[in-house]
Amino acid sequence: MSTLMNTYARLPVTFTHGKGALLYDDGGKAYLDGVSGIAVTNLGHAHPAVSAAISEQASSLVHCSNLFRIDSQERAADQLTTLAEMDRVFFCNSGAEANEAAIKLARLHGQRLGVEQPQIIVLEHAFHGRTLATLSATGNRKIQAGFEPLVSGFVRAPRNDLEAIETIATSNTGVVAVMLEPVQGEGGIHPLDREYLAALKELCRKQNWLLIFDEIQSGNGRTGSYFYYQQLGFKPDIVTTAKALGNGVPIGACLAQGQAAELFAPGHHGSTYGGNPLACAAASAVMDVISKSSMSERAPILAHSVLESFQSSFKHGSFIKELRQAGLMIGIELQSACGELAKRALQEGILINVTAGNTIRLLPPLVMEQEQAQELGERLAKTVNTWLEESSPLQGAA
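Notes on the structure in this doc start here. What you see is a predicted model; the values in this text were computed from it and never measured.

Definitions and limits used
- Position labels on residues start from 1 in each chain and follow its written sequence.
- Thresholds applied to this predicted model are a pLDDT of at least 70 for local features of residues and 80 or more for the giving and counting of side-chain atom pairs; totals over whole chains, interfaces and linings are not thresholded and use all residues.
- Heavy atoms throughout the structure, all of them, feed into the side-chain values; hydrogens and water do not.
- The helix count covers DSSP runs of H or I at least four residues long, the strand count covers runs of E at least two residues long, and both are numbered beginning at the N terminus.
- For the radius of gyration, the atom set is restricted to C-alpha positions; the globular benchmark scales as 2.2 Å times the number of residues to the power 0.38.
- To sort residues, take the accessible area from a 1.4 Å probe on protein chains only and compare it with the maximum for the residue type: under 20% means buried, over 50% means exposed, and anything in between is partly exposed.
- Per-residue and other accessible areas follow the Shrake-Rupley method at a 1.4 Å probe size, with only the shown protein chains counted as cover for residues.
- Positive charge is attributed to Lys and Arg, negative charge to Asp and Glu, and no charge count is given to His or to the chain ends.
- The atom standing in for a charge is NZ when the residue is Lys, CZ when it is Arg, CG when it is Asp and CD when it is Glu.
- Two rings from Phe, Tyr or Trp (for Trp, the six-membered ring) form a pair when their centres sit within 6.5 Å of each other. Planes less than 30 degrees apart are called stacked, planes more than 60 degrees apart edge-to-face, and all others tilted.
- Buried and open spaces are told apart on a 1 Å grid over the protein atoms alone, a cavity being a set of points where a 1.4 Å probe fits but cannot get out and a pocket being an open set with protein on both sides within 12 Å along at least five of seven lines. Residues with an atom within 4 Å of a point are the lining residues.
- Grid points are joined across faces, edges and corners, and a volume is the space filled by probe spheres set on the points.
- Here the term charged refers only to Asp, Glu, Lys and Arg, the term nonpolar to Ala, Val, Leu, Ile, Met, Phe, Trp, Tyr, Cys and Pro, and the term polar to all other amino acids, Gly among them.
- For the purposes of these results, a polar contact is taken to be a pair of N or O atoms within 3.5 Å, where, inside protein, one atom must be able to donate a hydrogen and its partner to accept one; residues adjacent in sequence count only when each atom of the pair is a side-chain atom.
- Residue contacts are counted whenever heavy atoms from the two residues lie within 4.5 Å of one another.

Before going further, it helps to spend a moment on the overall build of the protein chain. A tally of regular secondary structure across the protein chain gives 13 helices and 17 strands. Relative to the globule expectation of 21 Å for 398 residues, the C-alpha radius of gyration of the protein chain, 21 Å, shows essentially globular dimensions. Across the 398 residues that make up the protein chain, the buried fraction comes to 54%. For the protein chain, the accessible area works out to roughly 17600 Å², and carbon and sulfur atoms hold 50% of it. For the protein chain, the centre of its 31 positive side-chain charges and the centre of its 39 negative side-chain charges are spaced 3 Å apart.

Okay, structure coming up:
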């Protein structure tokens, strides 16, 4: 019996090493990685530039308190704010922590406006983390159950429904911010309507609300630009990121521009490990590779290869409810629950993920070769074909 707490329904495989878009288990079998550790290893496994940066930094200084200046942290901050076109950044250790920082900024903004009980509008089907505040902001009742009382201060609205938010604006004078994922990841890969996002930006400007984008999963080159909002023609006031920023080394970031960038003062927020030399050395290497190698541009090209090969090999097209994509974030929604496909895919030597019950989520690394992307699509089609032909979902759909 494992002494680990029972928090994961783990799949029956143990990996020992990886290279590029491949992972190898303890028996030597190779797997095409269609998950990237849930959008973490955008540069694949054992990337030479990242490995070298980590090794070099570890040999000199792993950690130094934020009570002192950290050169690698300031270098990473300059890189990230330049790539994001933001003014300031706070480094932490994870996406949930980055979102906690954004929530604190929104509340501080509200207090400065004289709002005693600041409220943040969040969206249905959103996922912002598992700490108490980010869990409360998340639009998934299943993962909230059992952890009440939830943190107050959040007002929920349907996604892509501007009228609902305008109604909230007229009835709730305590709103100070809107927080959303421009591409809902855990919710099943749902890019929000661009017209909706643009209108929401204008509404926030008129109401003096902060607009917060959670790009923890969609950032760092995954959707065809460094951040997804850079395809929209406007910037949020705050953007959070983590996951692929360190390519597996834990680091998160909360970036802000304008008035939001000036809210925090000494004593308002902090982190023991956040932005330490090792994490920032990894992040700097990641940002160098993504920006200098045009990695972002590979995302839509690879996604096209995956989807084209999947569709050409899939025999039961009517069982697909919807295909959704933003760069190399791919959601294949099926007509029924398909959680067992993640385990079945191991037999075909591929790693996939199922989210929202019936959506296959693919998040391959940006370094995946074109042939590997085609192979991933073909093997996935074979996995789903076999599952449908051996079980009842296909009969139910017919």
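We describe a pair of aromatic rings using the distance from one ring centre to the other and the angle between the two ring planes. Counted under the stated rule, the structure contains seven aromatic pairs. Here F213 and F234 contribute two aromatic rings whose centre-to-centre distance is 6.3 Å and whose plane-to-plane angle is 70°, an arrangement assigned as edge-to-face. Taken as a pair, F213 in strand β10 (residues 210–214) and F234 in the loop between β10 and β11 (238–241) lie far apart in primary sequence, 21 residues in all. Taken as a pair, F213 and F234 share a single burial class, namely buried. Taken together, a centroid distance of 5.5 Å and an interplanar angle of 10° make the contact between F227 and Y229 stacked. Put simply, the rings of F213, Y226, F227, Y229 and F234 touch in pairs and so form one group of aromatic residues.

Right, let's get into the layout of surface pockets. In this structure, the second largest pocket occupies an estimated 470 Å³ of space. Surrounding the second largest pocket, 16 residues form its lining, R88, V89, F90, A261 and F264 being those nearest its centre. For the lining of the second largest pocket, a count of residues per class yields 11 nonpolar, three polar and two charged.

Along the chain, the position of S271 falls in the loop between β12 (252–256) and α9 (277–292). Among the polar contacts listed, one links the side chain of S271 to the backbone nitrogen of G274, at a separation of 2.8 Å. Setting aside chain neighbours within four positions, we find S271 in contact with N66, F90, F91, C92, N93 and E97.

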